[in-house]
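Now for the letters of each chain:
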Amino acid sequence: MSVPSAAEVEHADWPTLQRMCESLGLNPKGRSGVVRMRVLDHVRRRIRPESWRAGRDHMAALLTRLGYPNLSEDLWESTIRLDAPAPWVGLGQAQVAGGFLSEAAKSFDRAAQMGDRSALLHRAEALGAGGDYDRAIAACESYLADRPGNLRALGMKADFLARSGFKEEAARVLLAAADAHPEAPFLRSSAGTSFLKAGRPEVALEAFGLPKLADAPEIEGAINHGVALLVLGRTREAVDIFQKAIEADPDRVEALNNLAVAQLQLGQPELAAANLARAAKGVDSARIRLNLAKVAPNPAPRPRAKKPAARKKPKP
Amino acid sequence: MLAPDATERFLPSVDRLESAMHAARRAFERGDTDGALGQLGVALKLKPEYDAAWILKGHVLQKAGDREAALDAFMQSLKCSGDSKEGWMGLASALHELGRLKEEAEAYDRLLAFDPLSIEAWIDKGAVLHELKDYSGAIRCYEEVLALRPEHGAAWNNKGAALLRLGQEAEAAGCFEEALHLDPDCVDAMANRVYLYETKAYHGEAVLWADRALRIREAPGLWYAKGLAHLGLLESTLAMRSFERALALDPTLKEAKAALRRATALRRKSDFYRGAYECFGTHLAGDPGCEECEIRPRCREVTP
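Residues numbered from 1 in each chain as written. Chains lettered and ligands numbered in written order. Predicted model: local features only at pLDDT ≥ 70, side-chain atom pairs only at ≥ 80, totals over all residues. Heavy atoms only, no water.

**Here we look at the overall build of chain B**
Tallying secondary structure elements over chain B gives 18 helices and zero strands in all. Relative to its full complement of 304 residues, chain B shows a buried share of 46%. Taking the contacts inside chain B whose residues are at least 6 apart along the sequence as the reference set, 46% of them involve residues at least 24 apart. Only carbon and sulfur atoms are counted for the fraction: they give 52% of the accessible area of chain B, which is about 15700 Å². (Helix = DSSP H or I, 4+ residues; strand = E, 2+ residues; numbered from the N terminus. Buried < 20%, exposed > 50% of the residue type's maximum accessible area, 1.4 Å probe, protein only. Contact = heavy atoms within 4.5 Å. Areas by Shrake-Rupley, 256 points an atom, 1.4 Å probe, with all protein chains shown as cover.)

**Points about the overall build of chain A**
Along chain A, the regular secondary structure elements total 18 helices and zero strands. Taken over 316 residues, chain A has a buried fraction of 40%. A separation threshold of at least 6 residues defines the contact pool for chain A, and within that pool the share at least 24 residues apart is 36%. Accessible area of chain A: about 18800 Å², with a carbon and sulfur share of 55%.

**A short note on the interface of chain B and chain A**
Listed per partner, the contact involves 20 residues of chain B and 17 residues of chain A. Interface of chain B and chain A: buried area, both sides summed, is about 1500 Å²; carbon and sulfur atoms make up 49% of it. The salt bridge partner of R44 of chain A is D185 of chain B, with a shortest N-O separation of 3.4 Å. On inspection of chain B and its partner chain A, the count reaches ten residue pairs in polar contact (both at pLDDT 80 or more). Elements represented by at least two residues in the side of chain B that touches chain A include exactly α2 (14–29), α13 (203–216) and α17 (288–291) of chain B. In terms of residues, the side of chain B that touches chain A owes the most to one element, α13 of chain B, which gives four residues. Taken together, the residues of the side of chain B that touches chain A sort by class into nine nonpolar, three polar and eight charged. (Buried area = accessible area lost by both parts, 1.4 Å probe. Salt bridge = Lys/Arg side-chain N within 4 Å of Asp/Glu carboxyl O. Polar contact = N/O pair within 3.5 Å; in protein donor to acceptor, adjacent residues only side chain to side chain. Nonpolar A, V, L, I, M, F, W, Y, C, P; charged D, E, K, R; others polar.)

**Points about empty space enclosed by the protein**
Under the counting rule described, the total for this entry stands at two cavities of 30 Å³ or more. Taken together, G30 and R31 of chain A together with Y277, C279, F280, T282, H283, C290, C293, I295, R296 and C299 of chain B make up the lining of the second largest cavity. When grouped by side-chain class, the residues that make up the lining of the second largest cavity number seven nonpolar, three polar and two charged. (1 Å grid on protein atoms, 1.4 Å probe; cavity = no way out; pocket = protein on both sides within 12 Å on 5 of 7 lines; lining within 4 Å. Points joined across faces, edges and corners; volume = space filled by probe spheres on them.)

**Details of the layout of surface pockets**
Quantified by volume, the largest pocket comes out at close to 600 Å³. For the largest pocket, the lining is made up of 21 residues, of which M37 and L40 of chain A together with E177, W209 and R212 of chain B are closest to its centre. Counting only elements with at least two residues in the lining of the largest pocket, the list comes to α1 (6–11) and α3 (32–47) of chain A together with α11 (169–182), α12 (187–199) and α13 of chain B. A total of eight residues in the lining of the largest pocket trace back to one element, the largest contributor, which is α3 of chain A. Grouping the amino acids of the lining of the largest pocket by side-chain chemistry returns ten nonpolar, two polar and nine charged. There is about 270 Å³ of room inside the second largest pocket. What lines the second largest pocket is A127, H130, Y142, N157, N158, A161, L164, R165, D188 and N192 of chain B. Counting residues per element, the ones that place at least two in the lining of the second largest pocket are α8 (119–131), α10 (153–165) and α12 of chain B. By residue number, the principal contributor to the lining of the second largest pocket is α10 of chain B, which donates five residues. When its residues are assigned to classes, the lining of the second largest pocket shows four nonpolar, four polar and two charged.

**Comments concerning the side chain of K226 of chain B**
Residue and element names in this part refer to chain B. Turning to its location among the elements, K226 is positioned in helix α14 (residues 220–232). K226 gets classed as buried once you look at its relative accessible area, which sits at 8%. Contacts of K226, omitting those with residues within four sequence positions, involve V207, A210, D211, L214 and S242.

**So, the confidence of the model for chain B**
Residue and element names in this part refer to chain B. The share of residues in chain B with pLDDT of 70 or more is 96%, and the mean pLDDT across the chain is 91. Contacts for the low-pLDDT stretch residues 1–11, under 50 throughout, to residues beyond four places or in other chains number four contacts. In the predicted complex, the global pTM is 0.54; the interface-specific ipTM is 0.74. (pLDDT = per-residue confidence, 0-100.)

**Some thoughts on the environment of N157 of chain B**
All names here are of chain B. Mapped onto the elements of the fold, N157 is located in helix α10. C-alpha separation for the pair N157 and Y142, spaced 15 residues apart in sequence, amounts to 9.3 Å. Discounting residues that sit within four places of it in the chain, N157 has contacts with F176, A179, C186, D188, A189 and N192. Of the polar contacts made by the side chain of N157, one reaches the backbone nitrogen of A189; its length is 3.3 Å.

**Looking at a nonpolar patch on the surface**
Residue and element names in this part refer to chain A. On the surface, L62, L66, Y68 and L71 cluster together into a nonpolar patch covering about 380 Å² of accessible area. Position of L66 relative to the elements: it lies in helix α4 (residues 56–66). Among the residues examined, L66 registers a relative accessible area of 60% and is labelled exposed. (Patch = residues over 30% accessible without salt bridge, like charges linked within 9 Å, V, L, I, M, F, W, Y side chains within 5 Å.)

**Notes on the packing of α12 of chain B against α13 of chain B**
Helix packing geometry: the angle between the two helix axes and the distance between the axes. Residue and element names in this part refer to chain B. Running from N to C, α12 and α13 cross one another at 160°; their axes reach a closest spacing of 8 Å. As judged from the angle between their axes, α12 and α13 are roughly antiparallel. Between α12 and α13 the crossing geometry is left-handed. Contacts from V187, M190, R193, V194, Y197 and E198 in α12 reach H203, E205, A206, W209, A210, R212, A213 and I216 in α13. Looking at side-chain class alone, the contact of α12 with α13 contains nine nonpolar, one polar and four charged residues. (Axes fitted to C-alpha atoms, helices over the stretch in contact; angles between N-to-C directions. Parallel < 35°, antiparallel > 145°, perpendicular 65-115°, else oblique. Left-handed = near helix turned anticlockwise from the far one by under 90°.)

**Some remarks on unusual backbone geometry**
Residues and elements named next belong to chain B. Even without a glycine there, the phi angle at A201 is positive, about 65°. Note that A201 resides in the loop between α12 and α13. Accessibility expressed as a relative area gives 34% for A201, which makes it partly exposed.

Dropping the structure here:
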């Protein structure tokens, strides 16, 4: 029988109260008020929620975040069980916070062996933080073997590839992520930008897709799209994109600079100079100043100082 | 040019001050009073007018048993910051430990002058006035608490205790009822109920509430009161056991020794056995439980 509510006990008649005592294993003898109090006490104790107390694992997790990795490590070690990977993940995070990256990688590995696949990504982070990008990428790939479209894993893999110098491969991973996640349009821009950085503007252009009206979060990608067009010699299309970007955000100096470069290619040095001057006012950039120096008309050569005529000695 | 130590003294490092305070707190928490006092010495050398350090020093000294020094530390904290609630509460607790109850009450008054909504100060002031036998004053304090927090079970219980001292038993019973309604495990309210019923010679009720209180917290006084109630119910064996338990917890309890002798003597003449009936001695005519009771005739004998 389930435990009756306090209200049921309060209003129960004598036979019901007796039945409740029987079912709950309580003494049914005595004055009715006392028996009722006995049942109510029992009900109150059964339904009273246990007050929450931070367990060792809660404390350990908090200690890591509060900046006490050594204390946290000790606590995590005391919570380790044979059937639970979570303490190993916690221990690994404390070790990362304490700077023991190789130890952390081992802890995450233990958690992964116990069935917690997300520990592979933690392991990748620890390896990446230690500069071991090859093994970090391998950890991401192990995770992606089960979950090929996982956005976090794909993003991490691309990041590690880019950091280890494989920019084109990183861009391809981002492009695959963009195909798997059409709900995240920024991925195509990121992939395009990565291709551009890898020196593959024609592939970047494919990644960017059709030019879009630049809104604030997409403006970075739009500007890079314009750069790809500019690099490929499609200067007029690039100008259109830069102008739209500037309309959306007049303070984007890189758009102004790029527009000026495009205008220079189109033989419009005055317009280019004006845009570069605007850009130079917005931010003090060596690149913009150099561009401005190229565009600004050369000042007229100074007239050479004439030799003064030889004075005639006054006659005495 | 300043010497290096003088530079430190006149340009105290905030980091060093904070780390000394942190170390002192940690030492205090793990019970290392000497370590805590050492760190507080460092902190107070860096910033002599640091009220938080003086307050912590007061608590450490209290724990170390140096009450006079604790009092001095709390007074120093109040010299640094006269509006410190913690400082006044610490000072009051130090005065309480020294038995300077009137000054303790004044400390609460000073605190309440700038923080009239301090529940702790009102409750503690009521308690000290109760100790000073100013029961009406204590009741006023508890009423202040109940105006702010009507669900404060301890305030209801304390008010009931003060009313009991003033002989207002019916009002006191109402307060204990309220306290137990708000906090069904309020041992103090249960104990007060035991004393109230015992003064009315309702021994059955007294045993009932003493049992409930003892299930939560043991106290020699409660065992003694329970023993007396058993004596009233002519349950000499149970009375003896209660007095023996009271004496095991507090061998100096003379009343329990005398009562144990009385219970032993009574046992030769009479010894009721209640069996499973914990309500023995609380017979209520017409109650369905009492109608079925197997020891009803004996219960009637001892029910007032």
